[in-house]
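Residue strings, one per chain:
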Amino acid sequence: MPYADQQTRLQQPVEERLARLNGELRHASATTILRASLLREWPQKLTYVSSFGAESAVMLALIADVDPDFPVIFLETGLHFPQTLDYKDKLIDQLGLTNVRETPPNETERKVLDPKDRLWQSDPDACCALRKVRPLEPALEGFDAWITGRKRFHGGARMSLPVFEHSAGRFKVNPLASWTQEDVDRFFVQRNLPRHPLVDQGYPSIGCWPCTRPAEDPSDIRSGRWAGMAKTECGLHVDKAERPRVF
Ligand code: SF4
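The shown structure was predicted, so the numbers you read here are calculated from the model rather than taken from an experiment.

So, how was this worked out
Residues numbered from 1 in each chain as written. Predicted model: local features only at pLDDT ≥ 70, side-chain atom pairs only at ≥ 80, totals over all residues. Heavy atoms only, no water. Core = buried A, V, L, I, M, F, W, Y, C linked by side-chain atoms within 4.5 Å. Buried < 20%, exposed > 50% of the residue type's maximum accessible area, 1.4 Å probe, protein only. Helix = DSSP H or I, 4+ residues; strand = E, 2+ residues; numbered from the N terminus. Contact = heavy atoms within 4.5 Å. pLDDT = per-residue confidence, 0-100. Near = heavy atom within 4 Å. Nonpolar A, V, L, I, M, F, W, Y, C, P; charged D, E, K, R; others polar. Salt bridge = Lys/Arg side-chain N within 4 Å of Asp/Glu carboxyl O. Phe/Tyr/Trp six-rings, centres within 6.5 Å; stacked < 30°, edge-to-face > 60°.

Trainee: Which residues make up the nonpolar core, and what values do they have?
Mentor: Counting residues in each nonpolar core, the largest one holds 41 residues, and the members touching the most others are Ile147 and Phe164. At eight residues, the largest contribution of residues to this core is made by helix H4 (residues 56–66). Once residues lying within four places of it in the same chain are set aside, the contact partners of Ile147 are Leu34, Leu38, Leu46, Thr47, Tyr48, Val49, Met59, Ile63, Phe70, Val173 and Pro175. Counting 20 residues, the second-largest nonpolar core is a separate cluster that includes Leu119, Val133, Ala139 and Cys211.

Listed below in structure tokens is the structure:
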């Protein structure tokens, strides 16, 4: 790719760049989207934020195909299921991932705001802000874009998910936006990927243990997340201006 073309791309205004990328790649395969993002649009400036949950193995396998040393951020909230931590180690080993970065909450802040690790009971938005949203900011430093594993079939606000977005000063890439549950299941079989052990126990979407239950409605895979609360997202995918104030 000529140097001038690369410079032109980097200097393109955000809205123009989004229009170009979504126009070019909205119907492309996940691998094509990943390769264009990793190798052409944001070389050395792209990361993947993974929960090592029910569907994470798909994106991790696709990434490992391109570059096993690609940086993967794991938000270590301190409140994951032990099965998730075991599953993370298993996937790292099986896929040969060499650059998984564990990101815990700031310990001083945690001791002040949540010394008993019970904030999730009284104020889950503040707990997610402490354990996920704020730790992500420094982890993303130096990156211009990040990959997510969100898909339209997850429902809610995700039903209109584009392949490329921009929020809070960074691009977000959603290579699996158009995948269906059947696509995910087929990929697990084709690639002989291990399932998260809780999937068989009725958990199609898996986050921290205090806020994850088996799906109440099998047709709504996120119905076990923050069950009984108005909350549906952890806040990572909400613009800063819309986030609740917690400090
Ligand atoms: Fe806290 Fe629950 Fe958010 Fe995890 S998902 S950070 S336990 S509120």
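Trainee: Describe the confidence of the model for the protein chain, naming the residues involved and giving the relevant values.
Mentor: Summary statistics for the protein chain give a mean pLDDT of 90 and a share of 93% for residues scoring 70 or more. For the stretch residues 241–247, pLDDT sits under 50, and the model shows 13 contacts to residues farther than four places along the chain or on other chains.

Trainee: Outline the site of the ligand, listing residues and values.
Mentor: Around the ligand, the neighbouring residues are Leu79, Trp120, Pro124, Cys127, Cys128, Arg131, Lys132, Cys208, Pro210, Cys211 and Trp226. Taken together, the residues of the shell around the ligand sort by class into nine nonpolar, no polar and two charged.

Trainee: Please provide a residue-by-residue account of the environment of Glu15, values included.
Mentor: Looking at the secondary structure, you find Glu15 in helix H2 (residues 14–25). With relative accessibility at 61%, the residue Glu15 sits in the exposed group. Taking the C-alpha atoms as reference points, Glu15 and Glu165, separated by 150 residues in sequence, lie 9.4 Å from one another.

Trainee: Could you give an account of the pattern of salt bridges, with specific residues and numbers?
Mentor: Tallied over the full model, the rule gives 16 salt bridges. The partner of Asp89 in a salt bridge is Lys88, with the nearest N and O atoms 3.0 Å apart. Relative accessible area serves as the criterion here: at 44%, Asp89 is assigned to the partly exposed category. Salt-bridge contacts for Arg195 lead to Asp185; the nearest nitrogen and oxygen are separated by 2.7 Å. Taken together, the residues Arg195 in the segment after helix H9 (181–190) and Asp185 in helix H9 connect sequence positions ten residues apart. What emerges from the salt-bridge pattern is a single network uniting Arg17, Arg20, Glu24, Arg40 and Glu41.

Trainee: So, H4: which residues are in play, and what are the values?
Mentor: The buried count for H4 comes to nine of eleven residues, which makes it a mostly enclosed element. By the burial criterion, the buried members of H4 are Ser56, Ala57, Val58, Met59, Leu60, Ala61, Leu62, Ile63 and Ala64. Where H4 is buried, its residues touch helix H3 (30–41), strand S1 (46–49), strand S2 (72–75), helix H5 (82–95), strand S4 (145–147) and H9.

Trainee: Now, about the packing of aromatic side chains: what can you tell me, with residues and values included?
Mentor: Centre-to-centre distance and the angle between the planes together describe a pair of aromatic rings. Inspection of every chain in the model, using the stated rule, returns six aromatic pairs. Relative to Phe74, the ring of Phe52 has its centre 5.5 Å away and its plane inclined at 85°; by these criteria the two rings are edge-to-face. Pair noted here: Phe52 is in the loop between S1 and H4 and Phe74 is in strand S2, with a separation of 22 residues, a long-range link. On the basis of relative accessibility, which here comes to 0%, the residue Phe74 falls in the buried class.

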